[in-house]
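Secondary and tertiary structure notes
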Amino acid sequence: MDFILASLADGLLLGFIYGIAAMGLTLIWGVMNVINLAHGPIIALGMFTVYLLFTFLGIPPYVGVLLAAVFGLLLGIIIYLIAVQGVIDAPHLSSLLATFSVNMIIIGIGTAIFSTSPRNIDLQLWSVSLGPVTLQGTRVVASLIAVLVTAALYYFLYRTRQGKYIRAVANNRAAAELVGIPSNRVLALSFGIGAMLATIAGALIATFLPFNILAGGTYELKSFVIGVLGGLGNPVGALVGGLILGLLEGIVPTFTQTTWVPVIEFVLFVIILLVRPNGLFGGEQ
Amino acid sequence: MKRSFTILLALVLALSLMLAACQPQAPAATETSGGESGGETAAKTQTLVIGFTASQTGKYNVSSGRQVNGLNLWMKQINDAGGIKLSDGTVVTFKAVSYDDESNKDRVQELYTRLATEDNADMLISPYSSGLTAAAAVIAEQYGKVMLTTGAASDATYKQGYTKVFQMYTPASRYLTGAVDLLAKTDPSVKKVAFVYENSKFSTAVVEAAKDYAADKGYDVVLYEGYDPETTDFGPFINKIQDAGAEAILGGGHFQDGSAFARQLFEKNVPVKFVTLLVAPPEPDFADLGDAAVGIIGPSQWEPLAAFKPDFGPTGKEFEAAYMAAYNEEPSYHSAGGYAAGLVLEKAIRDADSTDPDAIKAALDNMDLTLFFGKIKFDTSPEAHGLQIGHSMIYIQWQKDGDTLGKQVVWPEDGATAKVLYPLH
């Protein structure tokens, strides 16, 4: 029982991070029907932003998360304007190829500059033992930030004019344009926010796990599962999807070999696609 | 319409160029060391082509890069010194031909075939890692090329009936057995051991052998479980280790997973007495873990601290100084392995007094020498031809001296530079 409790707590804390990593992917997917294959490398750039700021400028990692967010927003808008804007109305394959090219470019440049050598941010916070459960400070703080970011995104999407524009464009771009919403600007902003969420996730992961330029790939794959699980364009759905995945990763190893975790995750992926293609929270799509 | 088509065509071309630029390097031969560009000259100079692949991209690029640095340093030194002079007056120099294997087994087979057939490599050096080397060894044997393998410890490659493949590293079957001996010697009361290891050819081979060895010694193996090579979160394993009541942990895999595992063991304050992990602890970058590195033990093929008295080639200190001067970083055992592979090749040519592949193979079969890297002797039995039987591992532990974190040799006893820090908790 102790073992299960400890595993549940670990899975839950990891789930918040998975959720925020997936939010960026599902937002872009939900708003503009673009599967962003550069999502993983953008997560990795978030990791490196915090690492470089901390290692070379001494900027505390949690301040680095803020700067990584700004960097992600700008990077996303630039990627949209250069690589995605021109193919937004083209068949899906075009946008897939465009974002895949961006993925290759970031990984190529990243490997040339940073190599695939693993990096660590030497950040050690407190850890609390509650019976059999040991909570590591870095993971608790990252989870709290993930919840705050989700709440902020929810507020932005549902309570601000720009957020409503995004939802309007996601629902029906032609209709949104007819009522004067500048759809291209909204799409650029959406891509920027998607990339921003990816860099925030990367920055938070870097505070407690080692990483290299290829490290984002794992979270990109998980984001697809979460996207399908939680539904598209819904931040709360992504967070809940992340939590479900995190809990699965915590619980499954208590019953079987850990190598079965991805098998179970992707079986779940297929089942949700078949049974509830819009995700558990994606009824409106 | 025509103009739009032209613009579209230009865009497609530009995109293709960008994609091509981002693709891993096309197989174009790279000269990585000095030396004449092949063939014999009137002055009886013969340039031998040494072919190998390097993982310039992909997950092995750090370890592979260091291995290649070591090899290139040897090649530069021997070429700068005027090459090897044979008794018939021939001067032998060396030229490297290498490609990026992208840490990919399929690429290795393709590129080693190219090295053997199109580049006419006289000898081959293995890529880094047991998996890639197994792929390269098939090709070396198929084309009858002598290949020295470094950065590859798995035993299986040498049990395929090959006759031209020679191993530099202590094989996987003896990689962790010293750690079991160290534990038994340090604390005979410990009985419960957990093996948590990367699901890779190398780590599995190492851990299987160590598990059998530990079981023979009377240890109770309370957990024996592999993890995916991409694993970064070890929470589930740590919970299982605690649940099983393990007193000692042995395992690991490569650098990234090993350093993550060590860090999370520290952060979760796991009450184990002894931790030995593969590959990661001997790497200089392991020190980045700070306090999480303290007490972690790792087997190493070589350490600058090791004071072997070589009967051929430089001493450990001379190699270290030359490497630091060339690359401005401390050599790891991968670097030393690359350099030592060159030295063994050089010694074989000197012993054979010839560049004939059969004579060089015979010299390698008869080799029994000590380098700065340790003892080198190859198995010549048909069952395990080329398996390394001379070299043995040393075990380092990260210890703190005041505020300074450093490596100490803790096993074998005769080579120890410090007493083992025990228990961890």
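What you are looking at is a predicted structure, and each value in this text was computed from that prediction instead of being measured.

Scanning chain B for helices and strands turns up 11 helices and 17 strands. In chain B, the proportion of contacts linking residues at least 24 apart, taken out of those at least 6 apart, comes to 68%.

Let us now look at the pairing of strand β9 (residues 192-198) of chain B. Of all the 7 residues making up β9(B), 6 are buried; the element is thus mostly covered by neighbouring parts of the structure. Taken together, β9(B), helix α6 (residues 201-216) of chain B and strand β10 (residues 220-227) of chain B constitute a β-α-β crossover, and its handedness is right-handed.

Quick look at the confidence of the model for chain B now. All names here are of chain B. Taken over all residues, the pLDDT of chain B has a mean of 87, while the share at 70 or more is 90%. By mean pLDDT, strand β1 (residues 30-31) is the weakest element of chain B at 40, and strand β8 (residues 165-167) is the strongest at 97. When the criterion is pLDDT under 50, residues 15-41 qualifies, and its contacts beyond four places in sequence or with other chains add up to 49 contacts. Confidence estimates for the predicted assembly give a pTM of 0.70 and an ipTM of 0.74.

Of the residues lining the interface, 34 residues belong to chain B; the matching set on chain A comes to 28 residues. When contributions to the side of chain B that touches chain A are tallied by element, the ones reaching two or more residues are α1 (2-22), α2 (61-80), β10, α7 (235-244) and α8 (255-267) of chain B.

By the element assignment, A:M104 lies in helix α4 (residues 92-114). For the pair A:M104 and A:P41, spaced 63 residues apart in the sequence, the C-alpha separation amounts to 8.6 Å.

The next subject is the environment of B:F255. Residues and elements named next belong to chain B. One can find F255 in helix α8. Since 26 C-beta atoms lie within 10 Å of it, F255 is described here as buried. A sequence separation of 24 residues divides F255 from V279, and the C-alpha atoms of the two residues are 6.0 Å apart.

On to the packing of helix α1 (residues 2-32) of chain A against α7(B). Packed helix pairs are characterised by how far apart their axes lie and by the angle those axes make with each other. Relative orientation of the contacting elements α1(A) and α7(B) amounts to 165 degrees, with a least axis distance of 10 Å. The angle between α1(A) and α7(B) falls in the class roughly antiparallel. Relative to α7(B), the crossing made by α1(A) is right-handed. Mapping the contact onto sequence places A:F3, A:A6, A:S7 and A:D10 in α1(A) and B:G235, B:P236, B:N239 and B:D243 in α7(B). Counted by class, the contact of α1(A) with α7(B) contains 3 nonpolar, 3 polar and 2 charged residues.

Definitions and cut-offs
Residues numbered from 1 in each chain as written. Chains lettered and ligands numbered in written order. Predicted model: local features only at pLDDT ≥ 70, side-chain atom pairs only at ≥ 80, totals over all residues. Helix = DSSP H or I, 4+ residues; strand = E, 2+ residues; numbered from the N terminus. Contact = placed C-beta atoms within 7 Å. Buried ≥ 20, exposed ≤ 12 C-beta atoms within 10 Å, placed from the backbone. Right-handed = clockwise from strand over helix to strand, strands pointing away. pLDDT = per-residue confidence, 0-100. Axes fitted to C-alpha atoms, helices over the stretch in contact; angles between N-to-C directions. Parallel < 35°, antiparallel > 145°, perpendicular 65-115°, else oblique. Left-handed = near helix turned anticlockwise from the far one by under 90°. Nonpolar A, V, L, I, M, F, W, Y, C, P; charged D, E, K, R; others polar.

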